[in-house]
Amino acid sequence: MIQADGRDIKIVPLGAGQDVGRSCILVTIGGKNIMLDCGMHMGYQDERRFPDFSYICGHPIPPPGQQADRDRLLDNYLDCVIISHFHLDHCGSLPHMSEIVGYSGKIYMTYPTKAIAPVLLEDYRKVQTEFRGDKNFFTSEHIKNCMKKVVPVNIHETVQVDDELSIRAFYAGHVLGAAMFEVRVGKHSVLYTGDYNMTPDRHLGAARVLPGLRPDLLISESTYATTIRDSKRARERDFLKKVHECVQNGGKVLIPVFALGRAQELCILLESYWERMALKVPIYFSQGLAEKANQYYRLFINWTNEKIKKTFVEHNMFDFKHIRPFDMQLANDPGPMVLFSTPGMLHGGQSLRVFKQWCDNPKNMIIMPGYCVAGTVGAKVIGGVKKIEIEGRMHDINLAVEYMSFSAHADAKGIMQLIRDCNPRHVMFVHGEKLKMDFLKDKVAKEFGVRVFCPANGESVSIPTEIGRDISVPADMVSRSIALDPTPGKRSCPFRGCLVIDRQFNSLEVVPYEKVAKEFNVPLHTITLSQKVTTKGDISWEKLMEGLSKHDAELQMKQDGIEMFHGEICVMSIGRQKNELELIWDECREFWKPVILKEIERIVNDDEGTRSEAAVRSH
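Cut-offs used in this document
Residues numbered from 1 in each chain as written. Predicted model: local features only at pLDDT ≥ 70, side-chain atom pairs only at ≥ 80, totals over all residues. Heavy atoms only, no water. UniProt positions renumbered as here; feature names shortened; annotations may be inferred. Helix = DSSP H or I, 4+ residues; strand = E, 2+ residues; numbered from the N terminus. Rg over C-alpha atoms; globule rule 2.2 N^0.38 Å. Buried < 20%, exposed > 50% of the residue type's maximum accessible area, 1.4 Å probe, protein only. Contact = heavy atoms within 4.5 Å. Areas by Shrake-Rupley, 256 points an atom, 1.4 Å probe, with all protein chains shown as cover. Lys, Arg positive; Asp, Glu negative; His and termini not counted. Charge placed at Lys NZ, Arg CZ, Asp CG, Glu CD. Axes fitted to C-alpha atoms, helices over the stretch in contact; angles between N-to-C directions. Parallel < 35°, antiparallel > 145°, perpendicular 65-115°, else oblique. Nonpolar A, V, L, I, M, F, W, Y, C, P; charged D, E, K, R; others polar. Salt bridge = Lys/Arg side-chain N within 4 Å of Asp/Glu carboxyl O. Pairing = 2+ DSSP bridges. Left-handed = near helix turned anticlockwise from the far one by under 90°.

- You'll find the protein chain entered in an unreviewed UniProt entry as Integrator complex subunit 11, with Mesorhabditis spiculigera given as the organism.
- Its UniProt record gives the protein chain the following Sequence similarities (unreviewed entry) comment, quoted word for word: "Belongs to the metallo-beta-lactamase superfamily. RNA-metabolizing metallo-beta-lactamase-like family. INTS11 subfamily."
- Quoted verbatim from the Cofactor (unreviewed entry) field of UniProt, the annotation for the protein chain is "Zn(2+)".

This is how it looks when you write it as structure tokens:
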């Protein structure tokens, strides 16, 4: 496990380090250890599908029957676990971690994630145990016991995990209930994005954080680190055209999706198109998909976009007229059809079974609407492989293959926008491919001037933090600081004072240097500077007085010039010279020198111009 000594923030990815899948990031901040996500890898069917939890406790995890104190194995190392959203590559290992490895602490996630995650975990368990025959897997009881440890949170709600550690969720778009999480200990913080989308879609809003959040570290996904997606409308038109052409020619269209998120987005799109075109070709979805979607979207309507919120009472956009539940017996029906089937990467379940039946027919088509992890059948199909071995049997891939990214992940432009919005001191990329990460790393470092990290799984990274302490400053010193800044916005006020440390009372205070000098009986020294100014025309001291008064309403006209800011700036006459003056200023008013010089030049030039016009008129 990462040692929590020192002030640095330490991070180790147990998953999603230079890889997509099995998201699991260990963070140590202020002596607290937090696990961010606990996902599974869809590209593996052995122990590699889970994060290497032995890294946390420093020794191999005993098999289920040999562990003496199973319920507390990770409790000494983790202060809390946070789950960003319900996708299995972010929560699929949770029951394994809490019930088989052993963790009895709190698990934080949003209310929609708490409702939906156990449904997807149970579907995943069924695929692994009932269809793949995996005997060493978590059970339904494990899922139930795991979810009892969950503490749900609301968006923007600050949750105090203990006296020092707090967390706060921000809206991430992506899927229903997805959240970015800020983890804070004292003055230091980490913002973890999970998966997010910076552009709104047909049913969800765009990710958003509070402006000026300024975390010490932003940990961002980078799935599409080198991609800037084309027009969404153009993609939608292309999708509808491809589907229409295929069914018009008598083919079947398979669209592998995950149960919630992209499925609803594309169902809404096809539903409106079928209605508009009066098409009769059947559209199906995996059994129970629409019912589940309706239930969850009705329950968590506040997580959707503004359009759906406004129209939901009068018209439920998820009550589909043209889309019906699918039964496997329908897969062999003659004639065209469109099927939305889970899971989205063809790594098992119904979508893979249907694919095996349809893949040899050139009339048919598969549309892959999102990213597929390396090693899955979906990734091989997108890669153009013409023969694929599935469960011990070779299959010819003759159907048309289309990859159209309707992914709800931020693209390169969106990632840059988030960095701009939250202004982090350091950036770390996870959940992406190394080459793509390296490309974006260089771009971010160049544009924002921050250090960027892209650690591999098991690689420890230490992020330096700034030492900070709140100190009360007397109001008169603040006013004085503001007065020393000549700009209207007062954004770079020079501050002058002394820090006084009282070791006896362990206190630290700011006091004016005049007070310190008086207390220690030390004379103060002021550096005064001057500059001779020669003007083109004669100087009108009355107009100079009037012009400079907008900078200091209390300035005074003296016998030999003008005194500003209680003598800290003086504009003095030089003998009988009518076009010369001397500008004198104290060192503390150095920032005011160019402002006063510019004002003198403007006043003299304006006065000269007025006299010239008067001379022309007299002729």
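**Regarding the overall build of the protein chain**
Item 1. Summing up its helical and strand segments, the protein chain has 17 helices and 29 strands in all.
Item 2. Taken over the C-alpha trace, the protein chain has a radius of gyration of 33 Å; the compact-globule value for 619 residues is 25 Å, which it surpasses by more than 25%.
Item 3. Here the C-alpha coordinates of the protein chain stretch approximately 110 × 75 × 45 Å along the principal axes.
Item 4. Out of the 619 residues belonging to the protein chain, those deemed buried represent 52%.
Item 5. For the protein chain, the proportion of contacts with a sequence separation of at least 24, taken over those separated by at least 6, is 70%.
Item 6. Looking at the protein chain as shown, the accessible area adds up to about 29,700 Å², and 50% of this sits on carbon and sulfur atoms.
Item 7. Positive and negative side-chain charges in the protein chain, numbering 78 and 79 respectively, have mean positions lying 5 Å apart.

**Considerations on the packing of helix 3 (residues 94–102) against helix 5 (residues 140–147)**
Packed helix pairs are characterised by how far apart their axes lie and by the angle those axes make with each other.
Item 1. Where helix 3 contacts helix 5, the two axes come as close as 9 Å, and the packing angle between them is 90 degrees. Classed by the angle they form, the pair helix 3 and helix 5 counts as roughly perpendicular. For the pair helix 3 and helix 5, contact is made by Leu94, Pro95, Ser98, Glu99 and Ile100 and by His142, Ile143, Asn145 and Cys146, respectively.
Item 2. Residues of the contact of helix 3 with helix 5, tallied by class, amount to 5 nonpolar, 3 polar and 1 charged.

**What about the pattern of salt bridges?**
Item 1. Tallying each qualifying case throughout the model produces 21 salt bridges.
Item 2. Between Glu275 and Lys321 there is a salt bridge; the shortest N-O distance is 3.4 Å. Of this pair, Glu275 sits in helix 7 (residues 262–277) while Lys321 sits in the loop between helix 9 (306–311) and strand 14 (323–326), placing them 46 residues apart in sequence.
Item 3. Since its relative accessible area comes to 43%, Glu275 is described here as partly exposed.

**Looking at the pairing of strand 18 (residues 393–396)**
Looking along a regular strand, one sees the side chains alternate between the two faces of the sheet.
Item 1. One ladder, built from 4 bridges, connects strand 17 (residues 387–390) with strand 18; its direction is antiparallel. By the bridge assignment for strand 18, Ile388 is matched with His395.
Item 2. Connecting strand 17 to the next strand, strand 18, in antiparallel fashion are 2 residues, including Glu391 with a positive phi near 50 degrees.

**Overview of the packing of helix 12 (residues 412–422) against helix 13 (residues 434–448)**
Item 1. Packing of helix 12 against helix 13 brings their axes to within 12 Å, and their N-to-C directions diverge by 35 degrees. Remark: the crossing between helix 12 and helix 13 carries right-handed chirality. Residue-level inspection shows Ala412, Ile415, Met416, Ile419 and Arg420 of helix 12 in contact with helix 13, the latter providing Leu440, Lys443, Val444, Glu447 and Phe448.

**Points about the sheet that holds strand 13 (residues 283–286)**
Item 1. Reading across the sheet, the 6 strands line up as 14-13-15-12-16-19 and stay open at both edges, with parallel pairing between neighbours. The strands lining the two open edges of the sheet, one partner per strand, are strand 14 and strand 19 (400–403). Sheet twist, expressed as the mean angle between neighbouring strand axes with direction ignored, is 25 degrees.
Item 2. By the bridge criterion, 3 bridges tie strand 13 to strand 15 (residues 337–341) in an arrangement that is parallel. Along strand 15, the bridge assignment pairs Ile283 with Val338.
Item 3. Strands in contact with helix 7 are strand 12 (252–256), strand 13, strand 14 and strand 15; relative to strand 15, the strand with the most contacts, it is inclined by about 160 degrees.
Item 4. Along the sheet face, helix 10 (residues 349–358) touches strand 12, strand 13, strand 14, strand 15 and strand 16 (365–368) and points at about 150 degrees away from the line of strand 12.

**Some remarks on the sheet that holds strand 21 (residues 451–453)**
Item 1. With mixed pairing, the 7 strands of this open sheet are ordered in space as 7-8-9-10-11-20-21. The sheet terminates laterally at strand 7 (158–160) and strand 21, the two strands that pair on one side only. When the angles between neighbouring strand axes are averaged without regard to direction, this sheet yields 20 degrees.
Item 2. Against the sheet, helix 12 contacts strand 9 (179–185), strand 10 (188–192), strand 11 (217–221) and strand 20 (426–430), and its axis sits at roughly 160 degrees relative to strand 11.
Item 3. Together, strand 20 and strand 21 form the strand contacts of helix 13, whose direction differs from that of strand 20 by roughly 165 degrees.

**Considering the environment of Tyr296**
Item 1. Topologically, Tyr296 is positioned in helix 8 (residues 289–299).
Item 2. Each C-alpha atom of the pair Tyr296 and Glu245 lies 33 Å from the other, and the pair is 51 residues apart in sequence.
Item 3. If we skip the residues at most four places from it in the chain, Tyr296 touches Ala115, Ile116, Val119, Leu176 and Leu260.

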